[in-house]
Amino acid sequence: MKKYSKDSWFLFISQIITHLSLVPMIIYGAWYHWLIAFIVYFFTGCFGMTMTFHRLLSHKSWKAPRWFEIFGTLCGTYGLTGSSVGWTAIHRQHHHKTDIVGDPHSPEIDGFIKVQWFSMFVTPNPKYAVHLLRDKVHMFLHNYYYHIHAGLLIIWLLYDPMLTLAAYLIPACILWNAGSAINTLNHLSGYRLHDTKDNSANNFLTGYLMWGEGWHNNHHHNPNNKSFKTKWWEIDIGGWLIERIDTTTIDSNKNTNTA
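All figures in this text were calculated on a predicted structure; none of them were measured in a lab. (Residues numbered from 1 in each chain as written. Predicted model: local features only at pLDDT ≥ 70, side-chain atom pairs only at ≥ 80, totals over all residues. Heavy atoms only, no water.)

Caption draft 1: Looking closely at the pattern of salt bridges. Within the structure shown, the criterion is met by seven salt bridges. In this structure, the salt-bridge partner of Glu-69 is Arg-66, at a minimum N-O distance of 3.2 Å. Residue Glu-69 and its partner Arg-66 are both found in helix α4 (residues 66-78); the two are separated by three residues, about one turn of the helix. Among the salt bridges present, the one from Glu-243 reaches Lys-226, with a minimum N-O distance of 3.7 Å. Pair noted here: Glu-243 is in helix α14 (residues 237-245) and Lys-226 is in the loop between α13 (216-221) and α14, with a separation of 17 residues, a long-range link. Given the relative accessible area of 33%, Glu-243 is considered partly exposed. Of the residues examined, Lys-226 reaches a relative accessible area of 15% and is grouped as buried. (Salt bridge = Lys/Arg side-chain N within 4 Å of Asp/Glu carboxyl O. Helix = DSSP H or I, 4+ residues; strand = E, 2+ residues; numbered from the N terminus. Buried < 20%, exposed > 50% of the residue type's maximum accessible area, 1.4 Å probe, protein only.)

Shown next, in the form of structure tokens:
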């Protein structure tokens, strides 16, 4: 029997708790609790996973100010889907071996259920995140991941049990399912604009739900592009925000204005 790491079990138990939290949220949650959950999900999903974990740390597709890299990493860490180091290592391995043996989350190989809800039982290969292993901030958040979330949970529970649901557990539940859907739905269904060597596809549901991440075939066609939008209907909130923060774009605009 394969022996999984404590990281895997921590994320597994955490995600069980986030899914169970839907019950009291549905029963006792007011409209503003759901609004809070959506706002937090925007921060963890868009600033954290989409803009930082994915396009910045995994693909280096844009140049962010250091303050935003730290801010976005904190947002992603708060989202309870793994550390920036582990997330980046797994995603970079996915691009290296997409939909073939060695892909850490291919529904074609491992099945929909395992990839959608049990992908935490994938052991990250550190060689795919060497650039983050040298960064003290990322390593601190990685090494003390459990302590950080244990502290967050205690603080929220002491402050307000309902806000524990609305501002912490429910957004994490949404992010887990939305993020995992990119790995499942976008490799099983959707439309393809580019003839890539994998099964990546664009999907309207994940495209709009995950701030532009769902234009997955576009992304696999050009992984280093900071924008996933190709057609007018492919709204990419993450790419739109990156254009306004990317220091390369800002510097280019300054040079153009002074020319």
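Caption draft 2: Broad picture of unusual backbone geometry. The phi angle at Lys-60 is positive, at roughly 50°, despite the residue not being glycine. Counting through the fold element by element, Lys-60 comes out in the loop between α3 (31-58) and α4. For Leu-80, which is not glycine, the phi torsion reads 65° and is therefore positive. Residue position: Leu-80 is located in the loop between α4 and α5 (84-96). Under the relative-accessibility criterion, Leu-80 is labelled buried at 3%.

Caption draft 3: Local environment of the packing of aromatic side chains. Taken as a whole and judged by the stated rule, the model has 30 aromatic pairs. Pairing Trp-156 with Tyr-159 gives two aromatic rings, centres 6.3 Å apart and planes at 70°, and the pair type is edge-to-face. Here Trp-156 pairs with Tyr-159, and both are found in helix α10 (residues 145-159), just three residues apart, close to one helical turn. Using a relative accessible area of 63% as the deciding quantity, one classes Tyr-159 as exposed. (Phe/Tyr/Trp six-rings, centres within 6.5 Å; stacked < 30°, edge-to-face > 60°.)

Caption draft 4: Up close: the packing of helix α9 (residues 136-143) against α10. Taken N-terminus to C-terminus, the directions of α9 and α10 make an angle of 65°; their axes are 4 Å apart at the nearest point. For the element pair α9 / α10, the angle class is roughly perpendicular. Along the contact surface, α9 presents Leu-141, His-142 and Asn-143, while α10 presents Tyr-145, His-147 and Ile-148. (Axes fitted to C-alpha atoms, helices over the stretch in contact; angles between N-to-C directions. Parallel < 35°, antiparallel > 145°, perpendicular 65-115°, else oblique. Contact = heavy atoms within 4.5 Å.)

Caption draft 5: Structural context of the environment of Gly-48. Mapped onto the elements, Gly-48 comes out in helix α3. By relative accessible area, which is 0% here, Gly-48 ends up buried. Once residues within four sequence positions are removed from consideration, Gly-48 is found in contact with Phe-43, Phe-53, Gly-72, Cys-75 and Gly-76.

Caption draft 6: Highlighting the layout of surface pockets. Each pocket or cavity is described by its volume, and for the largest pocket that value is around 720 Å³. Looking at the largest pocket, it is lined by 37 residues, and the ones nearest its centre are Thr-81, Gly-82, Gly-86, Trp-87 and Ile-90. Within the residue set of the lining of the largest pocket, elements represented by two or more residues are α1 (6-20), α3, α5, α9, α10 and α11 (161-184). Classifying every residue of the lining of the largest pocket by side-chain character gives 19 nonpolar, 16 polar and two charged. (1 Å grid on protein atoms, 1.4 Å probe; cavity = no way out; pocket = protein on both sides within 12 Å on 5 of 7 lines; lining within 4 Å. Points joined across faces, edges and corners; volume = space filled by probe spheres on them. Nonpolar A, V, L, I, M, F, W, Y, C, P; charged D, E, K, R; others polar.)

Caption draft 7: Representation of the confidence of the model for the chain in the model. On average, residues of the chain score 93 in pLDDT, and 94% of them reach the 70 mark or higher. Considering only residues more than four positions removed or in separate chains, one finds that residues 255-259, a stretch of pLDDT under 50, has zero contacts. (pLDDT = per-residue confidence, 0-100.)

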